[in-house]
Amino acid sequence: QILYMNECSLTTLPSQINNMKKLGLLSVASNKIKTIESAYPDVAFVQLYLDNNEIETIPTTERNGKKIFFRIEDVETFSCSYNKIRKFPDIFDAEAMFGMSSVDFSHNQITEFENEDSGYQGIYVATLSLANNPDLKKYPKCLAKSDSKVDYLNVRGCGIEEIPEGSFTGENVKYLVSLDLSYNKLTKLPRDMHAANLPYLYGVDLSFNSFSSFPYQPLDSSGLTVFAVRSQRNEKGERCLREWPTGIGNHKGLRGLYLGSNDLRKIDDTISTMIYLLDISDNPNIIFDATDICYAWQVGAYILIYDKSQNILNCDVMLE
């Protein structure tokens, strides 16, 4: 069964929904829902959309020793973006038989995970979005502690200032493939962010943070393919990253490196054509020797994102 009740001026999600045991898709997006009257332990949603409401809490009940909001055996998509949730609800299960496709709690008011210090149940999902929860402040270490399985994690724009040690230590951290940490307030990464814990890491975005020294930790993963460290600014709004990642050309997997809008200076390093997409634009003080990549660039086998006003040496054709 499918039930769409979008834009109906609902203020409450009634408990009677629990009687609709064959309800597979429920969408009540863009209402004025403040209250969910009860959990729905008898409903096995496949898709549930609660977006664009005024929900502050998710009710739970207990079944087989686990807290649940609804039966999660069949769920593929659960979206609760643009609400007023303050604690990420402890309603999922890292030990679930089947993983979910996506869970979206972006654009809420999340400051922490429910039960994060006392037995958080974890989550098993391909894509988890917590983007634009500006008061989260600290990376959720409980994901690792609970043996959660997450492939793609988006914590963009969460005001994160710290990633605690142990955040990448755990049996199932290895499932993490893509991590978006952009638009936060990070100045360093934990020591446990290395290949032994993250062997399949493919992409990391650290753009719009506050790194003053280059964050080498993700480069330990040989499969890292895309790495972005654009636009680092300190608390005064000043460009704070001048360090070029020396030896980056030896990385076997990297294909895209985005270092635009920083304060890179003289680059005294081999530029590998294997990293065939390099962004150095908006680095006004850079001195970049393009000898290693000039021919590949001319034949279209290399993409360099740069400004013609920059000091690009030994490839005059780039400045024509």
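Residues numbered from 1 in each chain as written. Predicted model: local features only at pLDDT ≥ 70, side-chain atom pairs only at ≥ 80, totals over all residues. Heavy atoms only, no water.

### Describing the overall build of the chain
- Tallying secondary structure elements over the chain gives two helices and 22 strands in all.
- The C-alpha extent of the chain, read off along each of the three principal axes, is 75 × 40 × 40 Å.
- When the 320 residues of the chain are sorted by exposure, 50% land in the buried category.
- If you take every contact in the chain between residues at least 6 apart in sequence, the share linking residues at least 24 apart comes to 58%.
- For the chain, the exposed area adds up to about 15000 Å²; of that, 46% sits on carbon and sulfur atoms.
- Counting 31 positive and 42 negative side-chain charges, the chain places the centres of these two groups 3 Å from one another. (Helix = DSSP H or I, 4+ residues; strand = E, 2+ residues; numbered from the N terminus. Buried < 20%, exposed > 50% of the residue type's maximum accessible area, 1.4 Å probe, protein only. Contact = heavy atoms within 4.5 Å. Areas by Shrake-Rupley, 256 points an atom, 1.4 Å probe, with all protein chains shown as cover. Lys, Arg positive; Asp, Glu negative; His and termini not counted. Charge placed at Lys NZ, Arg CZ, Asp CG, Glu CD.)

### Quick look at the state of the cysteines
- Tallied over the entire structure, the rule returns one disulfide.
- Residue Cys 294 pairs covalently with Cys 315 via a disulfide, S to S 2.1 Å. Taking the sign of the S-S torsion, 75 degrees for the link of Cys 294 and Cys 315, the bridge is right-handed. Linking Cys 294 in helix α2 (residues 294–298) with Cys 315 in the segment after β22 (311–313), this pair joins segments that are 21 residues apart in sequence. (Disulfide = S-S within 2.5 Å.)

### What to know about the environment of Tyr 4
- Take Tyr 4: it is sitting in strand β1 (residues 2–4).
- Spatially, the C-alpha atoms of Tyr 4 and Leu 25 are 7.9 Å apart, while their sequence positions differ by 21 residues.
- In contact with Tyr 4, not counting residues within four places along its chain, are Leu 25 and Ser 27.

### Observations regarding the sheet that holds strand β20 (residues 287–289)
- What the three strands build is an open sheet, ordered β18-β20-β22; its pairing is parallel. This sheet does not close on itself; its edge strands, each paired only once, are β18 (266–267) and β22.
- Where β20 meets β22, three bridges bridge the pair, whose relative direction is parallel. The residue bridging Phe 288 from the neighbouring strand is Ile 312, located in β22. (Pairing = 2+ DSSP bridges.)

### Examining the packing of aromatic side chains
- Applying the stated criterion across every chain, the model contains 17 aromatic pairs.
- A ring pair is formed by Phe 113 and Tyr 120, whose centres lie 5.5 Å apart and whose planes are at 85 degrees; its orientation type is edge-to-face.
- Residue class for Phe 113 comes out buried when judged on its relative accessible area of 1%.
- Here the guanidinium or amino end of Lys 149 rests over the ring plane of Tyr 124, the centre of that ring lying 4.5 Å away. (Phe/Tyr/Trp six-rings, centres within 6.5 Å; stacked < 30°, edge-to-face > 60°. Lys NZ or Arg CZ within 6 Å of the ring centre and 35° of its normal.)

### Description of the pairing of strand β12 (residues 124–129)
- Both strand β10 (residues 100–104) and β12 contribute to a ladder of four bridges, which runs parallel. Bridge pairing links Met 100 to Val 125 in β12.

### Quick notes on the pattern of salt bridges
- Taken as a whole, this structure holds 14 salt bridges when the rule is applied.
- Two residues, Asp 42 and Arg 63, come together in a salt bridge whose shortest N-O distance is 3.2 Å. Of the two residues, Asp 42 is situated in the loop between β4 (35–36) and β5 (47–49) and Arg 63 in strand β6 (residues 61–63); the sequence distance between them amounts to 21 residues.
- Accessibility expressed as a relative area gives 33% for Arg 63, which makes it partly exposed.
- Residue Arg 239 is joined to Asp 282 by a salt bridge in which the shortest nitrogen-to-oxygen separation is 3.0 Å. Of the two residues, Arg 239 sits in the loop between β16 (226–228) and β17 (256–258) while Asp 282 sits in the loop between β19 (277–279) and β20, which places them 43 residues apart along the sequence.
- Look at the salt bridges and you will find they share partners, linking Lys 66, Asp 93 and Glu 95 into a network. (Salt bridge = Lys/Arg side-chain N within 4 Å of Asp/Glu carboxyl O.)

### Re unusual backbone geometry
- We note that Glu 7 has phi near 55 degrees; this positive angle belongs to a residue other than glycine.
- Along the chain, the position of Glu 7 falls in the loop between β1 and β2 (12–13).
- For Glu 7, a relative accessible area of 65% gives the class exposed.
- A positive phi angle is found at Ser 30, which is not glycine, with a value near 60 degrees.
- Tracing the backbone shows Ser 30 in the loop between β3 (25–27) and β4.

### Describing the environment of Ala 196
- For Ala 196, the position within the fold is in the loop between β14 (178–180) and β15 (203–205).
- Under the relative-accessibility criterion, Ala 196 is labelled exposed at 66%.
- For the pair formed by Ala 196 and Lys 174, sequence separation is 22 residues and the distance between their alpha carbons is 8.3 Å.

### Topic: the nonpolar core
- Counting residues in each nonpolar core, the largest one holds 90 residues, and the members touching the most others are Phe 69, Phe 78, Phe 88, Ile 123 and Phe 288.
- Where this core is concerned, the elements lending two or more residues are β10, β12, α1 (142–145), β13 (149–154) and α2.
- Ranked by residue count, the leading element in this core is α1, at three residues.
- Beyond its immediate stretch of four places on either side in the chain, Phe 288 contacts Ile 267, Ile 271, Leu 278, Ile 280, Ile 293, Leu 304, Asn 311, Ile 312 and Leu 313. (Core = buried A, V, L, I, M, F, W, Y, C linked by side-chain atoms within 4.5 Å.)

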